[in-house]
Structures are given as structure tokens and as C-alpha cells.
There are 4 protein chains.
Amino acid sequence: MPTAVMATSAMQACIDACNACLQACEECYTACFNEADVQARTRCIQLCRDSADICALASQYMSRNSEFAKQICGICATICDACATECAKFQDAHCQRCAEACRRCADECRRMAA
Amino acid sequence: MPTAVMATSAMQACIDACNACLQACEECYTACFNEADVQARTRCIQLCRDSADICALASQYMSRNSEFAKQICGICATICDACATECAKFQDAHCQRCAEACRRCADECRRMAA
Amino acid sequence: MPTAVMATSAMQACIDACNACLQACEECYTACFNEADVQARTRCIQLCRDSADICALASQYMSRNSEFAKQICGICATICDACATECAKFQDAHCQRCAEACRRCADECRRMAA
Amino acid sequence: MPTAVMATSAMQACIDACNACLQACEECYTACFNEADVQARTRCIQLCRDSADICALASQYMSRNSEFAKQICGICATICDACATECAKFQDAHCQRCAEACRRCADECRRMAA
């Protein structure tokens, strides 16, 4: 059962990475709609959304020290990895930023899940 | 229609306040269950949850520059105000921290909603 | 403070409408990406997402009888109205179904919010 | 990449089970706060929340036919199982209803995840 805690520094790093990734994904999501080649970015947009949603959930589960925080972080890592790989294909700044934020978040989430 | 943007500094301040508030609310939520007087904290716990949930949503709507971000921030301010008032009644550190984070978030959200 | 209840029939109708709307919006969201004129559907896709997200939240706030359920329903009605208006512009089946689900949800949410 | 679909009947059964579970969990969450032995119900309340949140997410991922829907359903099954086991310990109607809804949801989610 979760007990009263403030986030440890490892958990805080992961929460921060999730929050940063959530924001980068949401920004990339909106920015992609304004690129000329939207059609080519469908999977990128969809993964940005999936990633933002699970990052938000992971941030909440960790902050409340849920007994399932690690497992949510595990799947968050998987989704962020996929989003990073897809975003990395596009050269614009928002996709590159998003890919980087996703990679960092996936790394932190893997550490938490371990 | 949302256009490609990165968050302005005003919006960034509000996103950061929402993320901080979300975390403080989730921590207070879990910590309250470990206090001897849980029964007296029912509304505090429930408001911490309502507040965390709307902060998470506000953070996402703002980050993607949704056309409804302001309106979500408006109701976020209302819920955070209620949570701040309730948390302020309890003297422990997590409630006081949460009340403070809620107040700051409500202020930033009101500014965004204006 | 929320007290123990099961949903009243009015609230149940609204919860059901939110769940149906959430699903129609998510289906329309994905289906729009597969239409030839994605670029023309940007706002439709974005509103489907905003609408699905607030419907999910409204469904949760009502189910737990939150003291802020009415206010969440109020903004849910506003967002669903906007989504209905946008979706109604497109003649394909998924947009028409989504527009209809959004309209019904907005009506139920307005009733709850009153 | 997700393609335009309406939910198959297997997926629809799972979406419906998630929605029903979400509602039963939220109702049980609120009802538990009104029982005399709140302190004994801490884990029950916390699991109801964790379960409601992941059910809401699973419902959305499936409805939009996300490529990660199965994996979200997998963890949803795990969390709902834990919630069912905990709720089943309490004899009141809302806990028994919630345990039953969680069991059904876990079964459907396992089928989806397979």
C-alpha cells in the first residue's frame, strides 16, 4: 500500500522527464498539423498523442506512489521509444525536440520500471 | 485552429504551475491516507484528486495550444481554489505544501483564462 | 462532500452519452487520418481529441459524484458543441456519427450542468 | 498505423467492460469514504482510483485503435485484478459490485491483450 512519501530524486527525475515529454509531444502534435506533408505525419501525430497520454498517467501514478507506478512506467517507455523513432524521421525542430524528449523519458521510465 | 507554437512564457508559467500542483496534490492524496484522522480528510483527499486530474488536463490542453485551453484553465482555477482552502485547514507539511501549490496554480490559471 | 450514491437515471444518461461520444470521437479521429483530405480535417481531428478527453473526465467526475461534476459537464457541452459543428461539415459516415454523438452528449451535459 | 475502423465486437465488449468498470470503481471510491471503517479501506480506495484511471485510458486507446491498445489492456487487466481481489474483501454492495465489474473487465482486457 502506498505510504506517505515525497518523490525520491530518481522518481523526481522520471516525473520531470514525463512532464517534459508530455509537453514536447503535445507541441509536436499541433505543429505537425501545420506542416505541408500532414499525410506523411499521421503516425507521428498519433504516437505523439499516445505518448502524451501515457506520460500524463505515469506522472500521476508516480506522484501518488501507486503500487503500479513501475508497470505504468514500463509501458510508457515502450510508447515513448516508438514515438522517438517516428519523430526522428522528420527534420523540423519540433520533431527533433520531441524525439529527444521521448528518448530521455523512455530512459528514465525504464530505470523506474526496473 | 491551433497553429504551431511553443508555449509563450506566460503559458509556460501556467503549465509549470499545473505540473507542480498535480504533483503536490497526488503526494497530499497519498499522505492523507496515512494520517490518523483519515475520516476528517475525506474532502481533502477527494479535492486533491479532482485537482490533480484537471491540472493534468490543463497541462495537456495548453501544451497543444487547444482552442479550449483558456476554458479548461478557468475551471482548473476554481477546483484548485477549493482544494487550497480545504488543504489549508490541516497543519501537516504535505497539506500546507499542497495548499500553496494549488493557490499558485489557481492564480496562473486565472491569468491564462482571462 | 460527495456521499455514497449510485448514479441517478439523469446522471446515468449523461455518463452513457459521454462514453458514447468519447468512442465516436476517437473513431472519427482515427478515421479522418485515412481520408484523402486530411489537411482539411485538421480542426475536426483536433476537436475530436479535445472532446474525447473532456468526455472521459466528465464520465469520471460524474461517476464519483464529484462536487465539480456539473462544472465539468458545462465545459464538456461547450467542447462537444464545437466538435459537432465541425464534424457536421464532412459527409462521411464517421463524421456524421460523431456529430450526432457530440450533439446528444452536449444536450445531456447541459442538462447535468443546469 | 491505425486505420479507419469501427470497433469489432470483441473490442466493443472490452470497451463496454472498461466503461462499466470505470463507473463501478468511481462509485465504490466515493462510497468507501462514507463507510465507518475508512482507514481499513485505504488500499481499496487507492486501487479503485488506479483502476478507474487505466480503464478510462484503455477505453480511449481501443476506441482510436491505437497500436498500443493491447499493451494498455494488458496492464489494465493486472490493475483490475488487484482491485477485484481487494474489493472482494468487503461485504457491502458497492465493493461486491466493483469486484465483479473489475473481474469482468480484467477478463475482457486479457482477451484483447492476447
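Given the structure is predicted, the values throughout are model-derived calculations rather than measurements.

1. Observations regarding the interface of chain C and chain D
1) Next: Every contact between the two is made by 25 residues of chain C and, on the other side, 25 residues of chain D.
2) Next: Put simply, Glu26 of chain C and Arg64 of chain D hold a salt bridge, and the shortest N to O gap is 3.3 Å.
3) Next: Across the contact surface, chain C and chain D share 12 residue pairs in polar contact (both at pLDDT 80 or more).
4) Next: Where the side of chain C that touches chain D is concerned, the elements lending two or more residues are helix H1 (9-32) and helix H2 (42-63) of chain C.
5) Next: When residues of the side of chain C that touches chain D are assigned to their parent elements, the largest contribution, 10 residues, is made by H1 of chain C.
6) Next: Class assignment of the residues belonging to the side of chain C that touches chain D gives a composition of 11 nonpolar, nine polar and five charged.

2. Quick word on the environment of Cys32 of chain C
All names here are of chain C.
1) Next: By secondary structure assignment, the location of Cys32 is in helix H1.
2) Next: The spatial distance from the C-alpha of Cys32 to the C-alpha of Ala10 is 32 Å, given a sequence separation of 22 residues.
3) Next: Setting aside chain neighbours within four positions, we find Cys32 in contact with Val38, Arg41, Cys44, Ile45, His94 and Cys95.

3. Digging into the interface of chain B and chain C
Size of an interface, as often reported, equals the accessible area lost when the parts are brought together.
1) Next: With 23 residues of chain B at the interface, the matching set in chain C holds 23 residues.
2) Next: Taken as a group, Asp50, Arg64 and Phe68 of chain B account for 24% of the area that chain B buries against chain C, more than any other trio of residues on that side.
3) Next: Viewed at the interface, chain C and chain B are joined by six salt bridges.
4) Next: A salt bridge links Glu67 of chain C to Arg43 of chain B; its shortest N-O distance comes to 2.8 Å.

4. Describing the relation of the copies chain C and chain D
1) Next: Once chain C is rotated about the relating axis by 180° and shifted along it by 0.0 Å, it coincides with chain D to within an RMSD of 0.0 Å. The superposition of one copy onto the other is thereby described by a two-fold rotation axis. Every residue of chain C has its C-alpha some distance from the rotation axis, and the shortest such distance is that of Ala56 of chain C, at 3.2 Å.
2) Next: A share of 100% of the interface residues of chain C reappears at the interface of chain D, consistent with the copies meeting face to face through the same patch.

5. As for the environment of Leu47 of chain B
1) Next: Note that Leu47 of chain B resides in helix H2 (residues 42-63).
2) Next: Sequence separation of Leu47 of chain B and Ala69 of chain B is 22 residues, and the distance between their C-alpha atoms is 21 Å.
3) Next: Aside from chain neighbours lying at most four places away, what touches Leu47 of chain B is Ala82, Cys83 and Glu86 of chain B together with Glu67 and Phe68 of chain C.

Rules used in this analysis
- Residues numbered from 1 in each chain as written.
- Chains lettered and ligands numbered in written order.
- Predicted model: local features only at pLDDT ≥ 70, side-chain atom pairs only at ≥ 80, totals over all residues.
- Heavy atoms only, no water.
- Contact = heavy atoms within 4.5 Å.
- Salt bridge = Lys/Arg side-chain N within 4 Å of Asp/Glu carboxyl O.
- Polar contact = N/O pair within 3.5 Å; in protein donor to acceptor, adjacent residues only side chain to side chain.
- Helix = DSSP H or I, 4+ residues; strand = E, 2+ residues; numbered from the N terminus.
- Nonpolar A, V, L, I, M, F, W, Y, C, P; charged D, E, K, R; others polar.
- Buried area = accessible area lost by both parts, 1.4 Å probe.
- Least-squares fit on C-alpha atoms with pLDDT ≥ 70 in both.

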